[in-house]
Amino acid sequence: SKGKRLYEAFREILEKSELSKAMDSATAGSGLEWVPTGFSSDLVLMIMQRAGVIDIFPHLRQPTDPIKFPQKTARSTAKKKSENTAPTETKPTTANNSLNAETIGVYISYADELEEDSAFALLPVLRDDIVEAMALGIESALINGDTTGTHMDSDVTGADDVRKLYKGLRKLALDGSGYTVEDLTTYNADNILKIRKNMGVYGVDPRKLVWLVSPKQSITMQLLRDSQNTLLLTTLDKIGQQATILNGEIGVLFGSPVIVSEMHREDVSASGKFTAAGPNNLTTILCIRTDAFLVGDRRDFRLETQRQVKSGSTDITGTMRIAFEDRIPDTEKQIVAAGKTVTP
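Residues numbered from 1 in each chain as written. Predicted model: local features only at pLDDT ≥ 70, side-chain atom pairs only at ≥ 80, totals over all residues. Heavy atoms only, no water.

A.B. asks: Got a sec to walk through the pairing of strand E10 (residues 283-289)? Specific residues and values, please.
C.D. replies: Where a strand is regular, its side chains alternate between the two sheet faces. Within E10, seven of the seven residues are buried, leaving the element largely enclosed by the surrounding structure. Burial along E10 is two-sided: the face carrying Thr-283, Ile-285, Cys-287 and Arg-289 and the face carrying Thr-284, Leu-286 and Ile-288 are both buried. As defined by bridge partners, strand E6 (residues 209-213) adjoins E10 across four bridges and the pair is classed as antiparallel. Paired with Leu-209 across the two strands is Arg-289, which belongs to E10. The pairing of E10 with strand E13 (residues 336-342) spans five bridges and is classified as antiparallel. Across the sheet, Ile-285 pairs through a bridge with Gly-339, a residue of E13. (Buried < 20%, exposed > 50% of the residue type's maximum accessible area, 1.4 Å probe, protein only. Helix = DSSP H or I, 4+ residues; strand = E, 2+ residues; numbered from the N terminus. Pairing = 2+ DSSP bridges.)

A.B. asks: Give me the lowdown on the side chain of Thr-284, citing residues and values where you can.
C.D. replies: Residue placement: Thr-284 occurs in strand E10. Not counting residues within four places of it along the chain, the set of residues in contact with Thr-284 comprises Arg-170, Leu-212, His-264, Arg-265, Val-268, Gly-272, Gly-339, Lys-340 and Val-342. (Contact = heavy atoms within 4.5 Å.)

A.B. asks: Report on the packing of aromatic side chains, specifying residues and quantitative values.
C.D. replies: All told, the structure shown has five aromatic pairs when counted by the stated rule. Their ring planes at 55° and their centres at 5.3 Å tell us that Phe-57 and Phe-324 sit as a pair that is tilted. You can see Phe-57 sitting in the segment before strand E1 (59-61) and its partner Phe-324 sitting in strand E12 (residues 313-326), a full 267 residues away along the chain. As far as the burial class goes, Phe-57 and Phe-324 line up, both buried. Arranged with centres 5.4 Å apart and planes meeting at 5°, the rings of Phe-293 and Phe-324 form a pair that is stacked. Of the two residues, Phe-293 is situated in strand E11 (residues 293-308) and Phe-324 in strand E12; the sequence distance between them amounts to 31 residues. We note that Phe-293, like Phe-324, is buried. Joined through ring pairs, the aromatic side chains of Phe-57, Tyr-166, Phe-293 and Phe-324 make up one cluster. (Phe/Tyr/Trp six-rings, centres within 6.5 Å; stacked < 30°, edge-to-face > 60°.)

A.B. asks: Summarise the nonpolar core; cite the residues concerned and give the values.
C.D. replies: Counting residues in hydrophobic clusters, the biggest one holds 59 residues, and the most contacted among them are Val-53, Phe-57, Leu-169, Ile-288 and Phe-293. Take this core: its biggest share by element is eight residues, from helix H2 (residues 122-144). The contacts of Phe-293, once residues within four sequence positions are left out, are Phe-57, Pro-58, Leu-169, Leu-172, Ile-288, Phe-324, Glu-325, Asp-326, Arg-327, Ile-335 and Val-336. Membership of the second largest hydrophobic core comes to five residues, among which are Ile-67, Leu-99, Leu-294 and Ala-323. (Core = buried A, V, L, I, M, F, W, Y, C linked by side-chain atoms within 4.5 Å.)

A.B. asks: Run through the sheet that holds strand E4 (residues 102-111), naming residues and quoting values.
C.D. replies: Each strand in a sheet pairs with another by means of backbone hydrogen bonds, the pair being arranged parallel or else antiparallel. Sheet architecture is open: four strands sit in the order E1-E11-E12-E4, paired in mixed fashion. The open sheet terminates on both sides in strands that have one partner only, identified here as E1 and E4. The mean inter-strand angle of the sheet, taken between neighbouring strand axes irrespective of direction, is 30°. In this sheet, E11 lies alongside E1 in parallel orientation, the contact comprising three bridges. Bridge pairing in E11 links Arg-61 to Asp-297. Sheet strands touched by H2: E4, E11 and E12. Its angle to E4, the strand with the most contacts, is close to 150°. (Axes fitted to C-alpha atoms, helices over the stretch in contact; angles between N-to-C directions.)

A.B. asks: Lay out the pattern of salt bridges with the relevant residues and their values.
C.D. replies: As enumerated under the stated definition, the model contains twelve salt bridges in all. For Asp-155, the salt bridge identified is with Arg-265, shortest N-O distance 2.8 Å. Residue Asp-155 is located in the loop between H2 and helix H3 (169-175), and its partner Arg-265 is located in the loop between strand E9 (256-260) and E10; the two are separated by 110 residues in the primary sequence. Overall, the relative accessible area of 33% leaves Asp-155 in the partly exposed class. Residue class for Arg-265 comes out buried when judged on its relative accessible area of 10%. Linked through salt bridges whose partners overlap, the residues forming this network are Asp-153, Asp-155, Arg-170, Arg-265 and Asp-267. (Salt bridge = Lys/Arg side-chain N within 4 Å of Asp/Glu carboxyl O.)

A.B. asks: Explain the side chain of Ser-218 residue by residue, including any values.
C.D. replies: Tracing the chain through its elements places Ser-218 in helix H5 (residues 215-222). Among the polar contacts made by the side chain of Ser-218, one reaches the main-chain carbonyl oxygen of Pro-215 at a distance of 2.4 Å. Discounting chain neighbours no more than four positions away, the residues touching Ser-218 are Val-213, Ile-250 and Val-260. (Polar contact = N/O pair within 3.5 Å; in protein donor to acceptor, adjacent residues only side chain to side chain.)

Function-wise, these values are silent; they only describe arrangement.
See below:
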């Protein structure tokens with residue numbers, strides 16, 4: 001170990017500025033705090049919880065972009081068959097939808113002096129930071145995304161905000177047709193189960209559903225009891241070693257896994273959205289039919305570095321190309337439902 005200084009370098013996305021903003025040892029908030037005298041090489045990094053929402057959905061490897069995938073708008077119908085005659089013909093009706101991959105990226109630039117004075121190898125630290133940023137960015141896009149001109153959350157205004165990549169789960173639940181958004185001002189088992197009831201046929205099989213909650217709400221849900229004062233959430237220690245545990249899962253409620261995401265907002269209004277008028281002190285609960293969505297994998301995570309001789313710095317970028325789309329025709333959007341007015 002060189003036993004000297006370590007600090008982190010960030011720069012604005014290239015589209016925002018043409019100026020190089022590589023971190024240096026003299027700028028507060030841009031690395032200075034990481035370089036005290038005698039700084040230990042055993043730097044304790046605050047690693048955020050890895051994203052897990054993307055793994056609950058089926059994935060399709062995209063050989064090209066865009067790529068179409070089939071949809072069935074109605075099934076065949078069984079008919080009574082008479083002897084020596086063919087049954088009345090019926091056939092399913094079909095449609096298709098497209099997976100359109102979007103690129104998400106993280107960019108960091110660090111000065112030569114940073115690497116020369118660092119307490120240990122700098123690249124692995126920045127690599128892990130990029131991986132965390134990428135995972136949580138994708139998670140936020142899937143949960144909080146909205147592709148309409150004006151985002152449902154009034155604080156999402158940047159053109160390059162990841163929450164503008166896809167039509168996310170909360171958007172579909174709050175603005176979908178064919179079912180209602182359940183009000184959970186009275187927080188109990190009966191009202192939570194109504195969320196699933198609102199999904200109709202798509203909410204029947206608990207094995208195909210996942211509950212998505214925020215960090216604080218995950219604690220509240222673990223305290224949920226029925227009229228007999230019995231805890232309703234089956235925690236992981238009681239599920240058994242043979243069960244398939246999802247990333248971020250805290251237990252099972254009404255037969256379906258409950259997963260927690262730190263990107264699930266805890267600062268929305270009674271509408272389930274962040275509004276300028278506020279107050280924004282609530283959260284939502286989502287019930288998701290997992291097989292009703294599809295993730296398209298067009299390009300896996302790619303980490304690249306490039307030396308900038310003129311500025312005396314190194315650029316690091318991490319990128320992925322993925323698509324996210326529902327598999328159910330527009331007339332049947334009962335594939336994700338929400339409970340709102342939930343106190344975190």
